[in-house]
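Now for the letters of each chain:
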Amino acid sequence: MTYKHGIPEHAIESTYKFFHRVWVGKHGGRHGEDEHGYKMSWDSRHEDLKPSKTYGQYYCVYCGERPMPIQPDYMGYEVSGYVCLCADAQKEIENNQAIAEAEENHYQELQALKRLAPKPSNEVKRKIIEKELKESHHLDRVMKSLGY
């Protein structure tokens, strides 16, 4: 993995938001710093980070480079996943988000259709039960047992 001032060379521009600029001092570029002594540092706790597919934690399935760790705010130094910064990995993440949104929209549409479906009438149910009871001559017995 080759870095230019702290950002991997395979990283696409839209992933630069996951880095922040920090002062490391002027060491002649030995530590990845620019001519002013700054380098970009990985923000593993950025709220927009989503994991991408990797071979274990070691390699991206799309470009073969090392993925970057993701750490949630509520955990110490635990790593919750890995993300590669290459174009295909970022397309995978966007695609997964689009799929999740489509599934949510589909669920909402299904719920709306279910709410539009006609509901059985309690009055009709009562009439059917009365009719059945009359035809089977049980109505008189049921009415008498209820005190009518």
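In what follows, the accompanying structure is described. (Residues numbered from 1 in each chain as written. Predicted model: local features only at pLDDT ≥ 70, side-chain atom pairs only at ≥ 80, totals over all residues. Heavy atoms only, no water.)

**Focus: the packing of aromatic side chains**
Phase 1: Summed over the entire model, instances satisfying the criterion amount to three aromatic pairs.
Phase 2: Ring geometry for Phe19 against Trp42: centres 5.2 Å apart, planes inclined by 65 degrees, an arrangement best described as edge-to-face. Linking Phe19 in strand β3 (residues 19-23) with Trp42 in strand β4 (residues 38-42), this pair joins segments that are 23 residues apart in sequence. An identical accessibility class is assigned to Phe19 and Trp42; each is buried.
Phase 3: Measuring from centroid to centroid gives 5.3 Å for Trp23 and Tyr38, while their planes differ by 70 degrees, and the two rings are edge-to-face. Placement of Trp23 in strand β3 and of Tyr38 in strand β4 is noted, with a sequence separation of 15 residues between them.
Phase 4: In textbook terms, an aromatic cluster arises when at least three aromatic residues are bridged by ring pairs, as seen for Phe18, Phe19 and Trp42.
Phase 5: Arg21 extends its terminal NZ or CZ atom over the ring of Tyr38, reaching a point 3.9 Å from the ring centre. (Phe/Tyr/Trp six-rings, centres within 6.5 Å; stacked < 30°, edge-to-face > 60°. Helix = DSSP H or I, 4+ residues; strand = E, 2+ residues; numbered from the N terminus. Buried < 20%, exposed > 50% of the residue type's maximum accessible area, 1.4 Å probe, protein only. Lys NZ or Arg CZ within 6 Å of the ring centre and 35° of its normal.)

**What to know about the pattern of salt bridges**
Phase 1: With the rule as written, the count across this model stands at three salt bridges.
Phase 2: Taking the shortest distance from any N to any O, the salt bridge between Asp48 and Lys17 comes out at 3.9 Å. In this pair, Asp48 sits in the loop between β4 and β5 (54-55) while Lys17 sits in the loop between β2 (7-8) and β3, placing the two residues 31 residues apart along the sequence.
Phase 3: A relative accessible area of 47% means that Lys17 is categorised as partly exposed.
Phase 4: For Glu123, the salt bridge goes to Arg126, with nearest N and O atoms at 2.4 Å. In this pair, Glu123 and Arg126 are both assigned in helix α2 (residues 122-135), three residues apart and thus about one turn of the helix distant.
Phase 5: It is possible to trace a salt-bridge network through shared partners that takes in Glu123, Arg126 and Glu130. (Salt bridge = Lys/Arg side-chain N within 4 Å of Asp/Glu carboxyl O.)

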